[in-house]
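# Structural characterization, general
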Amino acid sequence: MSQEPSAPSTMRKRLGKSTDRFGRAIRRRVAIDRRALAAFRISIAALLIADLVGRTRLLGMFYTDAGVLPREALFSDYSSLTAYSVHTLSGEAWAQWLLFLVAGLVALALLVGYRTRIATIVSWLLLVSLHVRNPMVLNAGDVLLRMLLFWSIFLPLGSRWSIDARRRNPAQSSGDAAPTIATIGTIAVLLQVLLMYLTNAVHKTRSDMWMSGEAVVHIFQADHLTVLLGNVLPEYTALLEVFTSAWMVLIVLSPLLLLLTGVPRALLVTGFAGMHLGMLVTLRIGLFPLIVVAGLLLFYPPVVWDTASSLAARVGIAGPLRRTLDRLQSRAPVLARWAPGSWLHSITSVSNENSDAEDATDDRRKDRMGDDTNPLTAVASRGRVFVTTIIPWLLLVLVVLSNAEAVGYTEVPDAGNEALDTLQASQSWRMFAPNPTSTAQWFVVPGELENGTTVDALHGSGVDWDRPPNVDGTYETARERKYLSNMRFAGNENHHSYYANYLCDRWNREHDTTLENLTIYGMSDRSGPYTDEPDISKSEVIEYDCSGEFIQEEESDAIVVTPE
């Protein structure tokens, strides 16, 4: 005679099934395809190299004692940060070039997936060090790159399309790992991208200009920000208003990046990526659009990578890439012995890291630890769990709180702020919010030479007060524009003297006739997007005696600018 299951037993089974379904649903949304991780690794490494190359154009200006922020000023104004920067060990240009070279070599190791995890950690440390050396030139792209690289430490970036993967399984470049992975690392890196959009969306929904659909129209009036197609679009105000509304809809719907799966998620991700690539050809905002696109790669589901893999095999790309990895794998140990980054190979040889193989063999490791009675092994296993699980969870909570604090929803505890400052992980994501400028901005710096002649000490030409035909062309790089904007507006009064002193020294190094004094003027065209007549104004930033004191303004508390 069969016995009916009891009500509590049935309830437990139903609850168990519901819990399992919920867990699978969550895992499906936070899991990342290992091929997406590989594409992300390659993209981030390439961006690190591109970032380094771009910074070398003004390396002397921004990172040496002969530049706008000599270590004397850095230590005085940013003393709480400088302890974390190896770039402050020397103020000479050769030392910075050497550090740039080392960072580039480590980024190259990350790109090809050689000793991937150590390359990730070292790249992050060197990037933080570089950012600390001059906070005045940072933007939102730098913050995002830094955070994506940080969360990458907890991801198996080398488990596909890498030298490390080929070393483990030459036939498949994949070992025996599952095609997708869901860990605290994947949760954190996906949430990082989403938090950027959500926090920025809150800032913008509080702005009348964004909510009315006019914000992008105003942005494209700021001629110092526009480039390429962006110099043409200001005439098409109706189109720019459509772009404003479309972007607002996208960022408000950004939680769907996590909630959707499969093809719908892929389509939404592509929409975001397309908007950012549009920014790349219209706005001079550095690598920010490409950095975001690299982060968006992680959201693409397996169906996209399956299609891409089939296409690569059909076109004939897969074979040459596999042979290239084989050659790199055979040569990497040899190169590591003589390259300036040879210590990377030495460290990893004794670290038992074996790249990211541990992420593919978690179950086997747990079995071994269960059978091992060695107390040292037990301590090591608990330490690994603490470092790879508990710490990232705690840091993720702090990052979420930092974003919530940025929009006034909560406050981060003092201890949490100290941890965020140490890791350079504080965030606010105000990009062009709440109210973007429509004012084109440039500088005129008349200076008097010892022979009585007046010159423009910034551009090395005669003084011209007219609006330049292309304001963007008055800045050599986007980082120079960012520095000058911060110097002028962000309340860093000491930097008025730092920059004036730099211009005096630069002129006197490069010319026979000495520059005796100069005056920095910030110029603005305040005409709005719906008016044709210019409205030029000038404001004096500082009048500086080139033979006087280093700082020639009243003492003021240094303000660490928000890099956005």
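In the block above lies the structure referred to throughout.
Nothing here was measured: the structure is a model prediction, and the numbers come from that model.

### Describing a positive patch on the surface
The grouping of Lys13, Arg14, Lys17, Arg21 and Arg24 at the surface amounts to a positive patch. With relative accessibility at 54%, the residue Arg24 sits in the exposed group.

### Concerning the pattern of salt bridges
The final tally for this structure, using the stated rule, is eleven salt bridges. When the shortest N-O distance is used, the salt bridge between Asp306 and Arg35 registers 2.8 Å. Of the two residues, Asp306 is situated in helix α16 (residues 302-315) and Arg35 in helix α2 (residues 34-56); the sequence distance between them amounts to 271 residues. Overall, Arg35 belongs to the buried group, its relative accessible area being 15%. The residue Arg284 makes a salt bridge to Asp472 at a minimum N-O spacing of 2.8 Å. One end of the pair, Arg284, is in the loop between α14 (262-280) and α15 (288-296); the other, Asp472, is in the loop between β5 (454-456) and α23 (478-489), and 188 residues separate them in sequence. Beyond isolated ion pairs, a larger network of salt bridges with shared partners links Asp51, Arg55, Asp142 and Arg479.

### Brief notes about the nonpolar core
A general feature of soluble globular proteins is that nonpolar side chains tend to end up buried together. Formed by 142 residues in total, the largest nonpolar core has its most connected members in Trp151, Tyr197, Tyr499, Leu518 and Ile520. Broken down by element, the residue count for this core peaks at ten residues, all from helix α9 (residues 184-205). Those residues in contact with Tyr197 that sit more than four places away from it in its chain are Trp247, Ile251, Ser254, Leu257, Phe272, His276, Val292 and Leu296.

### Brief notes about a nonpolar patch on the surface
Taken together, the side chains of Leu228, Leu229, Val232, Tyr236, Leu239, Val242, Phe243, Leu277, Leu280 and Val281 define a hydrophobic patch exposed on the protein surface, amounting to about 840 Å² of accessible area. Counting only elements with at least two residues in the nonpolar patch, the list comes to α12 (237-252) and α14. Among the elements that line the nonpolar patch, the one with the most residues is α12, at three residues. Relative to the helices and strands, Val232 is located in the loop between α11 (215-219) and α12.

### Remarks on the state of the cysteines
Scanning the model with the defined rule gives one disulfide in all. The disulfide partner of Cys504 is Cys546, and the gap between their sulfur atoms is 2.0 Å. The disulfide joining Cys504 to Cys546 has a torsion of about -60° about its S-S bond and is therefore left-handed. Placement of Cys504 in helix α24 (residues 493-510) and of Cys546 in the segment after β7 (536-545) is noted, with a sequence separation of 42 residues between them. Residue Cys504 is classed as buried on the basis of its relative accessible area of 1%.

### Focus on the pairing of strand β3 (residues 440-444)
Most of β3 is tucked away, with five of its five residues classed as buried. Alternating positions in β3 separate into two faces, Ala440, Trp442 and Val444 on one and Gln441 and Phe443 on the other, with burial throughout. Taken together, the five bridges between β3 and strand β6 (residues 515-525) define a ladder with antiparallel strand orientation. Residue pairing for β6: Val444 is matched across the bridge by Tyr521.

### Overview of α16
Taking 1.5 Å of rise per residue, the 14 residues of α16 would be expected to cover 20 Å, and the 20 Å separating its terminal C-alpha atoms lies within 8% of that figure. Following α16 by one or two positions, Gly316 has its phi on the positive side, about 95°.

### Focus on the packing of aromatic side chains
Applying the stated rule across the entire model yields 16 aromatic pairs. An angle of 50° between the planes, with centres 5.8 Å apart, marks the rings of Phe62 and Tyr483 as tilted. In this pair, Phe62 sits in helix α3 (residues 59-63) while Tyr483 sits in helix α23, placing the two residues 421 residues apart along the sequence. Owing to a relative accessible area of 0%, Tyr483 belongs among the buried residues under this scheme.

Rules used in this analysis
Residues numbered from 1 in each chain as written. Predicted model: local features only at pLDDT ≥ 70, side-chain atom pairs only at ≥ 80, totals over all residues. Heavy atoms only, no water. Patch = residues over 30% accessible without salt bridge, like charges linked within 9 Å, V, L, I, M, F, W, Y side chains within 5 Å. Areas by Shrake-Rupley, 256 points an atom, 1.4 Å probe, with all protein chains shown as cover. Salt bridge = Lys/Arg side-chain N within 4 Å of Asp/Glu carboxyl O. Lys, Arg positive; Asp, Glu negative; His and termini not counted. Charge placed at Lys NZ, Arg CZ, Asp CG, Glu CD. Buried < 20%, exposed > 50% of the residue type's maximum accessible area, 1.4 Å probe, protein only. Helix = DSSP H or I, 4+ residues; strand = E, 2+ residues; numbered from the N terminus. Core = buried A, V, L, I, M, F, W, Y, C linked by side-chain atoms within 4.5 Å. Contact = heavy atoms within 4.5 Å. Disulfide = S-S within 2.5 Å. Pairing = 2+ DSSP bridges. Expected span 1.5 Å × (residues − 1). Phe/Tyr/Trp six-rings, centres within 6.5 Å; stacked < 30°, edge-to-face > 60°.

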